[in-house]
Amino acid sequence: FKIKEALEQSAVSEAKFLQGLPKDQQKAALTTFERCDILLRVAGKSRLAEPLVERTLEMQEAASPKDELSIARSLNTLATMRLDGEDAEAAEKMARRALSIRQRLLPETHRDAVDSMMTLASILPRRYNWQEPRQLLDKAVALCEKAFGASHPGLLPALDARCSFLNLDESLDDAEKDARRALAIAETHFGKASHEAAERARQLALVLDSKGE
């Protein structure tokens, strides 16, 4: 993967967007710009990608008409990238706006709406908010159950997110229930020797270690 090439391509796309091209060409330039930041993140170059995501968002906000779902995607991405940063307040605002857009425009069980719930829930403890994340994650799990059923692998991201929060919140009995449920789903659908099962076994081990078992 060529980092320099992606950065150069993003710069060209931005220049094209700013030239006042017809709407369809502006959209093509913006799509290319978004693709560059995604490639950088996949390559593990988040520090290089973050300014591109920020600029992508600015360009999306300036576009006419605005593609609100694309704006929500950029907001959610930036909020996720800043989880470990110092500006948790800004990350929370972006995550809340992304969630609001997605809840307004998408079905309640849509994976992007659920993903925004999990993103916001992961930020709030850094803002010393410990009550709302549990509510968000309970709803995320319930929506996934509604969409997929009680034992579908589509539940795993929500179960994992809630388990991680419950472990952090020292609600260890509930965390253990989620960890065991996630492990059972992974073993049933992917096999006991699968990577998915191994990840959930590791998660369960962390919870049990927290419990002193």
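This section reports on the structure supplied with the text.

The rules behind these values
- Residues numbered from 1 in each chain as written.
- Predicted model: local features only at pLDDT ≥ 70, side-chain atom pairs only at ≥ 80, totals over all residues.
- Heavy atoms only, no water.
- Salt bridge = Lys/Arg side-chain N within 4 Å of Asp/Glu carboxyl O.
- Helix = DSSP H or I, 4+ residues; strand = E, 2+ residues; numbered from the N terminus.
- Buried < 20%, exposed > 50% of the residue type's maximum accessible area, 1.4 Å probe, protein only.
- 1 Å grid on protein atoms, 1.4 Å probe; cavity = no way out; pocket = protein on both sides within 12 Å on 5 of 7 lines; lining within 4 Å.
- Points joined across faces, edges and corners; volume = space filled by probe spheres on them.
- Nonpolar A, V, L, I, M, F, W, Y, C, P; charged D, E, K, R; others polar.

The next point concerns the pattern of salt bridges. The full count for this structure, using the stated rule, is 20 salt bridges. Across the pair Arg104 and Glu68 runs a salt bridge whose closest N-O atoms are separated by 2.7 Å. Of this pair, Arg104 sits in helix H5 (residues 88-105) while Glu68 sits in helix H4 (residues 68-81), and the two are 36 residues apart along the sequence. Note on Glu68: relative accessible area 31%, which makes it partly exposed. Across the salt bridge formed by Lys211 and Glu176, the nearest N and O atoms sit 2.5 Å from each other. One end of the pair, Lys211, is in the segment after helix H10 (195-210); the other, Glu176, is in helix H9 (residues 172-190), and 35 residues separate them in sequence. Accessibility expressed as a relative area gives 26% for Lys211, which makes it partly exposed. Several salt bridges converge on common partners, so that one network encompasses Arg134, Asp138, Arg162, Asp174 and Asp178.

For the second largest pocket, the calculated volume is near 200 Å³. Surrounding the second largest pocket, Leu83, Met118, Thr119, Ala121, Ser122, Pro125, Arg126, Leu137, Ala161, Ser164, Phe165 and Leu168 form its lining. Looking at the lining of the second largest pocket, its residues break down into eight nonpolar, three polar and one charged.

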